[in-house]
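Given next are the chains, with one letter for each unit.
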Amino acid sequence: MDKTVKDLASAVAGIEDGMTVMIGGFGGAGGPIELIHALIDRFKATGHPKDLTVVNNNAGNGHVGLAALIEAGMVKKLICSFPRSADPVVFTERYLAGQIELELVPQGTLAERIRAGGAGIPAFYTPTSFGTDLAKGKPVEVFEGRSYVRERWLKADYALIKAQTADLHGNLTFRAAARNFAPVMAMASAVTVVQAAQIVAPGQIDPENVHTPGIFVQKIVEVANAVQEEDLNRAKATYPLEG
Amino acid sequence: MQKLSNNQIAWRAAQDIQDGAYVNLGIGFPEKVAQYTVEGREAIFHTENGILNFGESPAPGEEDWDVINAGKKAVTLKPGASYFHHADSFAMVRGGHLDVAILGAYEVAENGDLANWSTGPKGVPAVGGAMDLVHGAKRVAVITDHVTKDGKPKLVKQCSLPLTGVGCVTRVYTSLAVIDIVEGRFVLREKLASMSLEELQALTGAELVIDGPVTDLVVPEL
């Protein structure tokens, strides 16, 4: 078994107009910047994919990664918990101009909806958001005297995530807190595409230390010296590179 | 009028964190509480993005941007730290595994309702982990100025801003007092000695109930 694809363009080739794409990362940690930029390259060359629904904790920063995807006009709807940050210029402008739809989800509910999507659980009850504006219209049930809000699973056509090491079977390890949403997004997506700092032979990752088993992964591509969103933004980078 | 600085409010809140406690501090002002962990006690800090037992910020230039907190600031790890994914992180939050969450507030109502995520319909709404954090921790404490910048009470009968959670706050540490929420009432526990009960009540938007001793709120210069 060998799930590697030959380059970034091949890795994102199957993403079509109107698809739902989960993108890993929290702030600068775990963002699959090279995969996102490969998707933007395809859009610049072909006009596709567009009208994407993107699931991420945030709404991007600066003019790279997810922010650049939004800036390119490829995103119809964003499902996220915190679309405000230090430099959210792109999303803020589009949102206030009514050009992008937002589904705001509490962060833990977002993680659990994705987990449920990957685990075959269509709905679950959570105490989070009970009695707030974000629970409006959702069924409520009382368990052991407390009220809980029913939330639905969240699934995607594709997930784009970043790992430290992948083996050819797609077994993954993540680096530090770059793990965040990646394991649950890998579970919840029909096709999970991984950019890994290194790809190794099966057996090279100790089975005790596999963070995400390869059954949740469909495509892997090696990106040896991946950039960090935080570093790009500190350098005021934009994508595509100006000029 | 004498009042506590933010550092002093954070210091007071830190005194109630027991040895061995698992603690989540909200982004911003609540992060200060970590600086005042009581000597001889060990608290383990949790961050929503998947770290237990993180410590101080690294020196400038030493940042590892894969090791950040929920405020997206670089942090360091203490011995015994762990990483985990987001679903596990929020299982820790909602599953009742945290001993205390300490959060900021726009308004707290006498029944324990908290408003701390939205100031109204303008701009881009963002909730993050606020609505999750108010459920599940064994204690949900708030640290806040006693009044707004315009001098209006932040402790109120009923929140006017969008709620983060219903009936979730158990204790409020303000710039003037320490107040518990017990059965839908503000019960005064400590107040600055320089302030009379009448003066404090005038700055509070709901009745301050006396039920048991009220001691002086004493905090060192910081």
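Here is a short report on the structure shown in this document. Keep in mind it's a predicted model, so treat the numbers as computed, not measured. Throughout this document, residue positions are counted from 1 along each chain, in the order its sequence is written. Key to labels: chains lettered from A, ligands numbered from 1, both in the order written. Reporting of local features is limited, given that this is a predicted model, to residues whose pLDDT is at least 70; pairs of side-chain atoms are given and counted only at 80 or more, and all residues count toward the totals for whole chains, interfaces and linings.

## Some points on the sheet that holds strand β6 (residues 140-143) of chain A
Residues and elements named next belong to chain A. A pair of strands is considered paired only if DSSP assigns at least 2 bridges between the two. Here a helix means four or more residues in a row that DSSP labels H or I, a strand means two or more in a row labelled E, and each is numbered from the N terminus. If you trace the three strands from one edge of the open sheet to the other, you get β5-β7-β6, paired in antiparallel fashion. The sheet terminates laterally at β5 (123-126) and β6, the two strands that pair on one side only. Here the average twist between neighbouring strands, direction ignored, is 40°. In terms of strand pairing, β6 meets strand β7 (residues 146-152) through four bridges, oriented antiparallel. Among the inter-strand pairings, V142 is bridged to a residue of β7, identified as S147. To obtain an axis, a line is fitted to C-alpha atoms, over the contacting stretch when the element is a helix, and the angle between two such axes runs from 0 to 180 degrees between their N-to-C directions.

## Section: the pairing of strand β8 (residues 139-144) of chain B
All names here are of chain B. Burial of β8 is extensive: five of the six residues sit out of reach of the surface. Relative to β8, strand β5 (residues 100-103) runs parallel, the two sharing four bridges. Each residue of the ladder has a partner; that of V100, found in β8, is R139. In terms of strand pairing, β8 meets strand β10 (residues 171-174) through four bridges, oriented parallel. Looking at the pairing, A141 lines up with R171 of β10. Buried means a residue has 20 or more other C-beta atoms within 10 Å of its own C-beta, exposed means 12 or fewer, and partly exposed covers the counts in between; C-beta atoms are placed from the backbone.

## Let's talk about the environment of A:I70
Residues and elements named next belong to chain A. Within the element layout of this structure, I70 appears in helix α3 (residues 65-71). For I70, a count of 25 C-beta atoms within 10 Å gives the class buried. With 118 residues separating them in the primary sequence, I70 and A188 have C-alpha atoms 22 Å apart.

## Focus: the environment of B:G50
Secondary-structure assignment places B:G50 in the loop between β2 (44-47) and β3 (51-54). Distance in space between the C-alpha atoms of B:G50 and B:A126 is 20 Å, their sequence separation being 76 residues. In this description, a residue-residue contact is defined by the distance between C-beta atoms placed from the backbone, which must lie within 7 Å. Among residues more than four places away in sequence, those in contact with B:G50 are A:A177, A:R179, A:N180, B:Y83, B:F84, B:H85, B:H86 and B:S89.

## Regarding the sheet that holds strand β6 (residues 107-109) of chain B
What holds strands together in a sheet is hydrogen bonding between their backbones, with the strands either parallel or antiparallel. Residue and element names in this part refer to chain B. Across the sheet, which stays open at both edges, the three strands sit in the order β7-β6-β9 with mixed pairing between neighbours. Edge positions in the open sheet fall to β7 (114-115) and β9 (155-156), since each of these has one partner strand only. In the sheet, β6 pairs with β7 via two bridges, with the strands oriented antiparallel. Among the inter-strand pairings, E107 is bridged to a residue of β7, identified as A115.

## Here we look at helix α4 (residues 89-96) of chain A
Residue and element names in this part refer to chain A. V90, F91 and Y95 are the residues of α4 that are buried. Within α4, the buried residues cover an arc of 120° as seen down the axis, which keeps them to one side. On the buried face of α4, the contacting elements are α3 and β4 (101-104). Two residues or fewer after α4 comes G98, characterised by a positive phi angle close to 70°. This arc is built from the directions going out from the helix axis to the C-beta atoms.

## So, the interface of chain B and chain A
Contacts between the two partners involve 30 residues from chain B and, on the opposite side, 39 residues from chain A. Counting residues per element, the ones that place at least two in the side of chain B that touches chain A are α2 (86-94) and α3 (130-133) of chain B. For the side of chain B that touches chain A, the leading source of residues is α2(B), giving five residues. Looking at the side of chain B that touches chain A, its residues break down into 16 nonpolar, eight polar and six charged. Classification convention: Asp, Glu, Lys, Arg as charged; Ala, Val, Leu, Ile, Met, Phe, Trp, Tyr, Cys, Pro as nonpolar; all other residues, Gly among them, as polar.

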